[in-house]
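Here is what each chain is made of, one letter per residue.
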Amino acid sequence: MSHQSDNLHKPCGQMKDQGLKTQKSHPPLMELILRLRQLIDDYSRQLKIRHLQEDLEQEKQWHSQDTREQEAILVQLLGEVANLLQAGATSSLELQLPRLPLDSRGGGGQQAQLPRKPDQLSHQLSDSKAAVVSCDLSNRGIDISASYKSSFKDFIAYQGDKYHEDKNTLGLINLGLSENKLCIDLLTERLSRSDMNYIDDDLLQYPDWSGHSFLREEVARFLTYYCKAPEQLDPENVVVLSGCCAIFSALTLVLCNPGDAFLIITPFYSGFTFASSLYVNVELIRVHLDSEITEADTQPFQLTVDKLEKALLEARLKGKKVKGLVLINPNNPLGDIYSRDSLMEYLEFAKRYNLHVIIDEIYMGTVFDESIPFHSVLSLESLPDPNRTHVIWGTSKEFGISGFRFGTLYTHNKEVVSAVGAFGFLHSISGITQHKLCRLLQDREWIDNVYLPTNRSRMQEAHRYITDRLKTLKIPFLNRGSGLYIWVNLKEYLDPCTFEEEQLLYHRFLDNKLLLAPGKAYMCKEPGWFRLTFTDKPLRLKVGLGQLPKAKTKSQNVSHQSDALHRPHPQVMKVIQRLQKIINEYILQLESRHQQEDLEQEEQQHSQNIRDQEAILVHLMCEVVNLLHSGASSSVELQLPRLSLDSRGGAGGGQQAQSSREPDQLSHQLSDSETAFISCYLSNRGIDVSALYQSNFQDFVAYQGDKYHEDRNTLGLINLGLSENKLCIDLLTERLSRSDMNYIDDDLLQYPDWRGHAFLREEVARFLTYYCKAPDLLDPENVVVLNSSLSVFLTLTMVLCDPGDAFLIPTPFSSGFTLTARLYSKVELIHVHLLRKITEADTQPFQLIVDKLEKALLEAKFKGKKVRGLVLFNPNNFMGDIDSLDSLKEYLEFAKRHNLHVIIDETSMLSEFHASIPFHSVLNMKSLPDPNRTHVIWGTSKSFGISGFRFGTLYTHNKEVVSAVGAFGFLHSISGITQHKLCRLLQDREWIDNMYLPTNRSRMQEAHRYITNKLKTLKVPFLSRGSGLYIWVNLKEYLDPCTFEEEQLLYRHFLDNKLLLAPGKAYMCKEPGWFRLTFTDKPLRLKVAIV
């Protein structure tokens, strides 16, 4: 059998000889490669020396930059004072005062620009009117929190006060949210059928990050059929993520560098603005459409190529780097459908200027006027530029299941597929949800004969009812035949017709318990337009529309009485106006001085450009060597530098630029990818994302396509490197198949609270109270639920750190944390190295003590690092160590002394299998040293072996952190159905305590005993602590010499023998030769692997 290997217990020398027999490189070629490597090393050393000299001169500039930051803080504080005065004086006027980032070198994720544009000081950082002041959040976190509250505060209020015809007749009716609630009865019935409730091993375990192959295949078939594609679409061109906004965010991230731009037609879906601001820092340049009919515009809000040309020209004149165009077809919020000819014109325009086109077709199935044909981009026989055309689609609109959190990408560009697929690591969907979606899309008979005709009929009826009522009320509107909404003109309700009055009207609707979506939220150029969703139940439509006349009457009354009700006191208004004048004069003075400073700084840019060219040269030379080397031999790994093509942050995904480059920067690789990656389509950032993904997950991807199975694939890969618990899948399958798990209702199918459904957060709080032995009942309002523990970690680092800030983290640690920090948050993880050697201070191998933390923190500060926190794992992810209560207190006291946040990952909490070793959760402590800076992560992937559920949760006492992390549920939420199943699972204490935990513990003990006995027989040293799903194995005796290069060779040799183990280097272990071996697998697989 191919899994069997006689080499596992052979001396290293014998093994190495066998591994290299057929891989000898050609001597002259190898000599050439080594000479070229020496030349590159010499060149790199010369560059470092010269750069050190240049950096001394550049330090002078930082003083000027620091002065600018202080000025920005002063302007911001003055602006906030004025806004607070204004809020106290009147709510009807909005002062346009600047709100600037506290960190002008990129605090919000944007790359720093030393020459500031003259108008930069007069722009607001966000649209939030209220000041957000925080001692715990970073500048970036403050902005995210403010943006979230500004964008979603009324949605949050709606989630807690929904109208219900029986339970809450005084609740909010939401006709602003684009949801289709007309056929929930049909969907509930279909999703409740027996074929939907299938469970197997693969659905409960880690998926392919691009989506399970069965779902991608069905999506390709579905889009081929309903988009009328001329040929069968390729499932390899499909990526599945947790929502269309997650797809949009990932696309813009890999196609653009920070500061690049996309053209987008206004009005447009406001979620794109929020999605682009969270992570990617891509500017959306608006192509404004007007309602007025002219000679050129034969209908309201008409898009023409001339408008695209004009917008592109204006953007380029302003120095914008436009990378693409965003189209929504059918349009949201207008409901327009583009003709085939128009589509081709827009695509030809994009091709002329080498622009990507992202076309959102999520409303494809909402066309209810059968006289209007819909043409998908995928129906075109010949795309002008197929490699730059990317289609987004999802089921939330036409199927009314926004709560499924499903979005998909189809593109012919394999590079884009690979790069976007990388984000499944943080945006994937539970396996159970993917199975249900697959079964739904497969059922063409039900779709064609039941769902689509019924949905179309009900949409027509609801649309007719609403438009008749609008006509009766003499309210103008756009009458289109697609979408879930009507674009309504309420200009007659405004006096004067301003956005301030539009906002007043919006709040008047709110006062009458009606939510509509104002045009300003969609960047509409004209005040007075609102989006009104008509795909709701008849009673709610009737009650909601009944509020329109009330709001109009009260709005007019308010307008007539504005002098009495909204005019501020004259003396207060004088103070505000004087303060505004002072601020504006101060800004003009600053801009004048900054322009003079910028002229001086331009000289330095020349030097920086030379550095960039040098970096490119070194990069290309290294790629040549690597390509030569890959052709010569695959057995030796050359350690050559791989530098970013854009050393000012272009490949860094928002990392701040550093004029003073660290001396050793040229000798570091940007990624661990061994192969060159060149792309005409991806941005520098996209290239790095793709390279990172390939280097970290190429073997995981291979495993997904070639899994060992005792019947179907006995020659497949056995993965003992992945931390998964497969010992009790039989118990979990039985429990998840019970009838209480299959409940469906309206709320589960619709948009959730972004922090997680209230019922799940309440159950998580009870569960953690009980199993963590918390002294008091934990508060559900301190819980946030996202799609994996790594997503929780990512969002915490996003809101606690600005780009370039750092966290201390003891090594070895999960490689996923490194990838997460590099993909998105740009937070440096400073390694606190733990060693095997036992000393007077270290009484056991890899021991963490406070002295090591103090030393690492001091060294980091000496290097100028801004350390914001500490990451801990308990139980430890590798050694299985469980921290004592005293040790935990020492680490937390250390963090408090230095005002550091502590992120403590307790995901492996219930994985201890030796009862003699007690586990102490941080939540068990009666008094935390610094509760507002202590944040606990937990999930079910390890304790319950359901990594395929994609569930992680945060518990923190800090309400600001809860709110800021909760904002990311917009891109990282879990389907409502999965949340319900998790809630039912965690509720069943009897099954957990009497069935699952004792059985799981017994099977872990048995598997652990089997593996450790085998290791002892093979005389392989290991560490075992009595918790965790793995054993930390020492294979140094297999390395000759004992280097990381030899460790990589050994790893590859295991792969050749169809065995995946996890090498220590991947976990930043300082000593070569250590491997993580997962023992919580089925006995047969353990037996086949270990021999």
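Details of the structure are given in the entry above.
These notes cover the structure that comes with them. Since this is a predicted model, take the numbers as computed values, not measurements.

Rules and cut-offs
- Residues numbered from 1 in each chain as written.
- Predicted model: local features only at pLDDT ≥ 70, side-chain atom pairs only at ≥ 80, totals over all residues.
- Heavy atoms only, no water.
- Core = buried A, V, L, I, M, F, W, Y, C linked by side-chain atoms within 4.5 Å.
- Buried < 20%, exposed > 50% of the residue type's maximum accessible area, 1.4 Å probe, protein only.
- Helix = DSSP H or I, 4+ residues; strand = E, 2+ residues; numbered from the N terminus.
- Contact = heavy atoms within 4.5 Å.
- Phe/Tyr/Trp six-rings, centres within 6.5 Å; stacked < 30°, edge-to-face > 60°.
- Pairing = 2+ DSSP bridges.
- Axes fitted to C-alpha atoms, helices over the stretch in contact; angles between N-to-C directions.
- Parallel < 35°, antiparallel > 145°, perpendicular 65-115°, else oblique.
- Nonpolar A, V, L, I, M, F, W, Y, C, P; charged D, E, K, R; others polar.
- Salt bridge = Lys/Arg side-chain N within 4 Å of Asp/Glu carboxyl O.

As a further point, take the nonpolar core. Membership of the largest hydrophobic core comes to 311 residues, with the highest contact counts inside it found for Tyr279, Phe399, Phe767, Leu768 and Phe944. In terms of residue count, helix α7 (residues 244–255) provides more of this core than any other element does, 10 residues in total. Setting aside anything within four residues of it in sequence, one finds Tyr279 in contact with Ser249, Leu253, His427, Leu794, Thr795, Met798, Tyr824, Phe968, Leu971 and His972.

Attention now moves to the packing of aromatic side chains. Per the counting criterion, the structure on display carries 53 aromatic pairs. Considering the side-chain rings of Phe423 and Tyr824, the 5.4 Å spacing of their centres and the 40° angle between planes classify their relative orientation as tilted. A residue pair is termed long-range when its members are at least 10 positions apart, and Phe423 in the loop between α11 (414–421) and α12 (424–427) and Tyr824 in helix α25 (residues 815–825) qualify at 401 residues. Note on accessibility: Phe423 and Tyr824 belong to one class, buried. In this structure an aromatic cluster arises from ring pairing among Tyr148, Phe152, Phe155, Tyr158, Phe274, Tyr751, Trp754 and Phe970.

Attention shifts here to the pairing of strand β15 (residues 783–786). Of the two faces of β15, the one lined by Val783 and Val785 and the one lined by Val784 and Leu786 are each fully buried. Note that β15 and strand β21 (residues 952–956) share 4 bridges and pair antiparallel. In the sheet register, Leu786 faces β21, and the bridge partner there is Gly952.

With that settled, the discussion passes to the packing of helix α3 (residues 139–160) against helix α24 (residues 789–800). Two elements in contact, α3 and α24, have axes separated by 5 Å at closest approach and are oriented at 105°. When the interaxial angle is binned, α3 and α24 end up roughly perpendicular. Contacts between α3 and α24 involve Arg140, Gly141 and Ile144 from the first element and Thr797, Met798 and Val799 from the second. Looking at the contact of α3 with α24 residue by residue, the class counts come to 3 nonpolar, 2 polar and 1 charged.

Mapped onto the fold, Phe152 is located in helix α3. On the basis of relative accessible area, Phe152 is assigned to the buried category, the value being 10%. Sequence spacing of Phe152 and Trp754 is 602 residues, and the spatial spacing of their C-alpha atoms is 9.5 Å. Discounting chain neighbours no more than four positions away, the residues touching Phe152 are Phe274, Trp754 and Phe970.

Throughout the structure, instances matching the rule amount to 51 salt bridges. The shortest N-O distance in the salt bridge between Asp260 and Lys323 comes to 3.7 Å. In this pair, Asp260 is assigned in the loop between α7 and β3 (261–266) and Lys323 in strand β5 (residues 322–328), connecting sequence segments 63 residues apart. In this structure, Asp260 and Lys323 share a single accessibility class: buried. Linked through salt bridges whose partners overlap, the residues forming this network are Glu189, Arg190, Arg193, Asp195, Arg439 and Asp443.

Strands sit in the order β22-β23-β26-β25 across an open sheet of 4 strands; the sheet is antiparallel. The outermost strands of the open sheet, each flanked by one partner alone, are β22 (1022–1023) and β25 (1062–1063). In the packing of helix α31 (residues 989–1017) onto the sheet, the strands contacted are β22, β23 (1030–1034) and β26 (1074–1078), and the crossing angle to β23 comes to about 5°.

Remember, this is a structural readout, not a statement about activity or role.
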